[in-house]
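The chain contents come next:
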Amino acid sequence: MYMIKNKRYEKMKQDLGLSNDDELNYYLGNSRRINEYKFINDDYLIDLPPAKLYRLADIKNAERYNKKVPKNKYRSTRYYRYYIKLELSNGKKGKLNFGFKELEREYAYILTSKAANTAKNADYTSIVS
């Protein structure tokens, strides 16, 4: 399992044009932090635990959804896990998991939607400002 994870990080660094972990840390330090493991900058949305990299210009649609966690003998109420589904222009799909943190999911959704729309309209110039 460790080798698979290592290969994903190496592929992500290669896609970003970085050669080592120090360059990756510097790159992430210059990105906006969504939460402990998710970052966004002008070009990419970076999800670290699975080492996934999404180009903002490729995000066609972002959708929020919740998943119920059933009651059990330790919990008397139901909880929700919070996610964002991503649909990419090449037909692939992605998913961002925020666990039980709804506010982080909402923050990420706003940033992702705004950045994706900006990236899509980068070549478009409007007469009305």
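These numbers come from a predicted model, not from an experiment.

Calculation rules
- Residues numbered from 1 in each chain as written.
- Predicted model: local features only at pLDDT ≥ 70, side-chain atom pairs only at ≥ 80, totals over all residues.
- Heavy atoms only, no water.
- Core = buried A, V, L, I, M, F, W, Y, C linked by side-chain atoms within 4.5 Å.
- Buried < 20%, exposed > 50% of the residue type's maximum accessible area, 1.4 Å probe, protein only.
- Helix = DSSP H or I, 4+ residues; strand = E, 2+ residues; numbered from the N terminus.
- Contact = heavy atoms within 4.5 Å.
- Phe/Tyr/Trp six-rings, centres within 6.5 Å; stacked < 30°, edge-to-face > 60°.
- Polar contact = N/O pair within 3.5 Å; in protein donor to acceptor, adjacent residues only side chain to side chain.

The next point concerns the nonpolar core. With 18 residues, the main nonpolar core has L45, I84 and L86 as its most contacted residues. Residue assignment for this core shows that the elements contributing at least two residues are strand 5 (59-69), strand 6 (79-88) and helix 3 (102-120). The element best represented in this core is helix 3, accounting for five residues. Excluding anything up to four places from it in sequence, L86 contacts L45, Y54, I59, N61, A62, K92, K93, G94, L96 and T112. Listed in part, the nine residues of the second largest apolar core include M12, L28, I46 and A51.

For residues that are not glycine, phi is negative in most cases, and the peptide bond is trans in most cases. A positive phi angle is found at A51, which is not glycine, with a value near 55 degrees. The residue A51 is located in the loop between strand 3 (44-47) and strand 4 (52-55) in this model.

Enumeration over the complete set of coordinates arrives at two aromatic pairs. An angle of 10 degrees between the planes, with centres 5.0 Å apart, marks the rings of Y65 and Y83 as stacked. Of this pair, Y65 sits in strand 5 while Y83 sits in strand 6, and the two are 18 residues apart along the sequence. Judged by its relative accessible area of 21%, Y65 falls in the partly exposed class.

Turning our attention to the side chain of N35. Along the chain, N35 falls in the loop between strand 1 (32-33) and strand 2 (38-40). A relative accessible area of 11% means that N35 is categorised as buried. Looking at N35, its side chain comes within polar contact range of the main-chain nitrogen of K38, at 2.9 Å.

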